[in-house]
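Architecture and fold: a report
Here is how the chains run, residue by residue.
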Amino acid sequence: MCSSDLPQVCLSPSSLSFTNQPVGIPSPALSITISNCGRATLNISGIGVIGANSGDFSYSAPACSTIAAGSSCLVSVRFTPTLGGNRSAALAITNDATGSPSVITLTGKACGDFTFTPSSLPNATQYRSFSQQLAASGGATPFTYSVTGGALPSGLALSSSGLLSGTPTQIGSYTFTVAAVDLNGCSSSQVYSLTVGCGTINIVTTSFSAGTVGVAYSQQMAVTGGTAPLQYFVTDGSLPAGLALSASGLLSGTPLAVGQSTFTVAVIDAQGCIASRQYTMTIQCSGLTILPAALPDAKTGVAYSQQLSFPTGKAPFTLTRIAGAFPAGISVDSNGILGGTPTQKGIFNFTLNVVDANGCAGQRSYTLKVTCPPVVITPASLPEIGRAHV
């Protein structure tokens, strides 16, 4: 109850508390209302900050020297911490009322700027495990960490203890903000940039098997790593004639010519990551076959003709005898016809060699038997000789 004859100081609020104020930065002002609850004029002779951290608090009271009964004035207080942590002081109001000085408790929680370690992040690699511990200092431990701006690369996460880890799945450059909150509720943040580069695309196919002219060929390339779908293409050199490489990595076709071809195959994935490998591929001759496998017999003095064929080669063909001897009167021409009129009988062994337009060769050994034609005796029968009559 207010005295009927004296001034009385009534304070509202009775204390002020400032929270999470950065060191060296003045806080917004908080107000205290000094009311004269008595019936006599209240005279204030002085206002000052006292206590352990008095230098961290300041006030302004432009109209608080005299307060009529039933009136009030405002005192504005600001907190400008000089050091981090909890700070305290008091606002003492010296006056002519009973119980002077009137004291208001002042407390403040000061937050200094945290230092983050590391200050920047190493690059990450797509599909490769990544782990980096973030640590803040300059506040009261423990700290709690979170992402407050931007976005982490897909596949990474930040734990509350500051561990940035995971396996990134998308290449690119990412910018995000990490905030740390200390035990006192003070917070600070750091902006990080993280680049996720291409992972290793490994072309497992180290070589292509040899192909054969005129024979269908097919080999699928194999790759590990990369983001599907993958696309294959030839970047240098040329494939063997008759072969083609599909976008899915299938090398197929029918080789047309003998020889070696050197070419480079590149693989690009859905993220634009690329790998390449150089190959040298050999196309070899198919074994040429000479048909028929055996020759029919010939007869002396009788015209002989046998067409030879080469079903697995490419025309034109060159046919020569490389061993043995033909029967007299027999030869082979450029069209592959073994013919003539043999003039001697016997068994004749010889080997033929054929070379096609690709330079592929084949051989076959033959045995040609020349026999005499059948001897015809005429007349086929004799006339009957008559008997003498007795």
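Residues numbered from 1 in each chain as written. Predicted model: local features only at pLDDT ≥ 70, side-chain atom pairs only at ≥ 80, totals over all residues. Heavy atoms only, no water.

1. Some details on the overall build of the protein chain
- Looking only at helices and strands, one finds zero helices and 34 strands in the protein chain.
- Here the C-alpha atoms of the protein chain give a radius of gyration of 54 Å, more than 25% beyond the 21 Å that 2.2 N^0.38 yields for 390 residues.
- In terms of overall dimensions, the protein chain has C-alpha extents of about 210 × 40 × 30 Å along its principal axes.
- Relative to its full complement of 390 residues, the protein chain shows a buried share of 35%.
- For the protein chain, the share of sequence-separated contacts (at least 6 apart) that also reach a separation of at least 24 residues comes to 62%.
- Accessible area for the protein chain stands at about 20,300 Å²; split by element, carbon and sulfur atoms hold 53% of it. (Helix = DSSP H or I, 4+ residues; strand = E, 2+ residues; numbered from the N terminus. Rg over C-alpha atoms; globule rule 2.2 N^0.38 Å. Buried < 20%, exposed > 50% of the residue type's maximum accessible area, 1.4 Å probe, protein only. Contact = heavy atoms within 4.5 Å. Areas by Shrake-Rupley, 256 points an atom, 1.4 Å probe, with all protein chains shown as cover.)

2. So, the pairing of strand S9 (residues 102-111)
- For strand S2 (residues 15-22) and S9, the ladder comprises six bridges, and the chain directions are parallel. Note that in S9 the partner of Phe18 across the bridge is Gly108.
- In the sheet, strand S8 (residues 85-95) pairs with S9 via nine bridges, with the strands oriented antiparallel. Residue pairing for S9: Arg87 is matched across the bridge by Gly108.
- Here S8 folds back onto S9, and the loop between the two strands holds six residues, one of which, Gly99, carries a positive phi near 90 degrees. (Pairing = 2+ DSSP bridges.)

3. Let's talk about the sheet that holds strand S28 (residues 298-299)
- On the basis of which strands lie adjacent, the open sheet formed by four strands has the order S28-S34-S33-S30 and mixed pairing. The two strands at the open ends of the sheet, each matched to only one other strand, are S28 and strand S30 (318-324).
- The pairing of S30 with strand S33 (residues 346-355) spans six bridges and is classified as antiparallel. Of the residues in S33, the one forming a bridge with Thr318 is Val355.

4. Looking at the pattern of salt bridges
- Summed over the entire model, instances satisfying the criterion amount to one salt bridge.
- Note that Asp56 and Arg87 form a salt bridge whose closest N and O atoms lie 2.5 Å from each other. Here Arg87 lies in strand S8 and Asp56 lies in the loop between strand S4 (42-50) and strand S5 (57-60), a separation of 31 residues in the sequence.
- By relative accessible area, which is 3% here, Asp56 ends up buried.
- Its relative accessible area of 13% is what places Arg87 among the buried residues. (Salt bridge = Lys/Arg side-chain N within 4 Å of Asp/Glu carboxyl O.)

5. Brief notes about the sheet that holds strand S23 (residues 231-237)
- If you trace the four strands from one edge of the open sheet to the other, you get S20-S27-S26-S23, paired in mixed fashion. Pairing within the sheet leaves two strands with one partner each, and these edge strands are strand S20 (211-212) and S23.
- The sheet contact formed by S23 and strand S26 (residues 259-268) spans six bridges and is antiparallel. The residue bridging Gln231 from the neighbouring strand is Ile268, located in S26.

6. Digging into the side chain of Asn353
- Secondary-structure assignment places Asn353 in strand S33.
- A relative accessible area of 11% places Asn353 in the buried class.
- At 2.4 Å, the side chain of Asn353 and the side chain of Gln363 are in polar contact.
- Excluding its chain neighbours within four sequence positions, the residues that come into contact with Asn353 are Thr318, Leu319, Thr320, Ile322, Ala361, Gly362 and Gln363. (Polar contact = N/O pair within 3.5 Å; in protein donor to acceptor, adjacent residues only side chain to side chain.)

7. Quick notes on the pairing of strand S29 (residues 304-307)
- Burial of S29 is one-sided: the residues Tyr304 and Gln306 facing one way are buried, the residues Ser305 and Gln307 facing the other way are not.
- Relative to strand S32 (residues 337-340), S29 runs antiparallel, the two being bridged by four bridges. For Gln307, the partnering residue across the bridge sits in S32 and is Ile337.

8. Digging into the environment of Ile32
- Mapped onto the elements, Ile32 comes out in strand S3 (residues 30-36).
- Exposure remark for Ile32: the relative accessible area of 0% places this residue in the buried category.
- Distance from Ile32 to Leu74, taken between C-alpha atoms, is 5.7 Å for residues 42 residues apart in sequence.
- Apart from the residues within four sequence positions on either side, Ile32 is in contact with Ser12, Pro13, Leu16, Cys73, Leu74, Val75, Val77, Leu91 and Ile104.

9. Looking at the state of the cysteines
- Counted according to the given criterion, the structure contains five disulfides.
- Put simply, Cys64 and Cys73 are joined by a disulfide, and their sulfur atoms are 1.9 Å apart. Here the disulfide of Cys64 and Cys73 is right-handed, its torsion about the S-S bond being about 120 degrees.
- The buried category is assigned to Cys73, whose relative accessible area is 6%.
- Here Cys285 pairs with Cys360 through a disulfide, and the sulfurs are 2.2 Å apart. What sets the handedness of the Cys285 and Cys360 disulfide is the S-S torsion sign, and at about -85 degrees it is left-handed. One end of the pair, Cys285, is in the loop between strand S27 (274-284) and S28; the other, Cys360, is in the loop between S33 and strand S34 (361-371), with 75 residues separating them in the sequence.
- Judged by relative accessible area, which is 31%, Cys285 ranks as partly exposed.
- When the cysteines engaged in disulfides are numbered in sequence order, the protein chain pairs them as 1-2, 3-4, 5-6, 7-8, 9-10. (Disulfide = S-S within 2.5 Å.)

10. So, the environment of Leu158
- With respect to the helices and strands, the residue Leu158 is situated in strand S15 (residues 156-158).
- In this structure Leu158 comes out as buried when scored by relative accessible area, which is 18%.
- Taking the C-alpha atoms as reference points, Leu158 and Leu134, separated by 24 residues in sequence, lie 9.2 Å from one another.
- Filtering out sequence-adjacent residues up to four positions away, Leu158 remains in contact with Leu134, Tyr145, Ser146, Val147, Leu152, Leu163, Leu164 and Val178.

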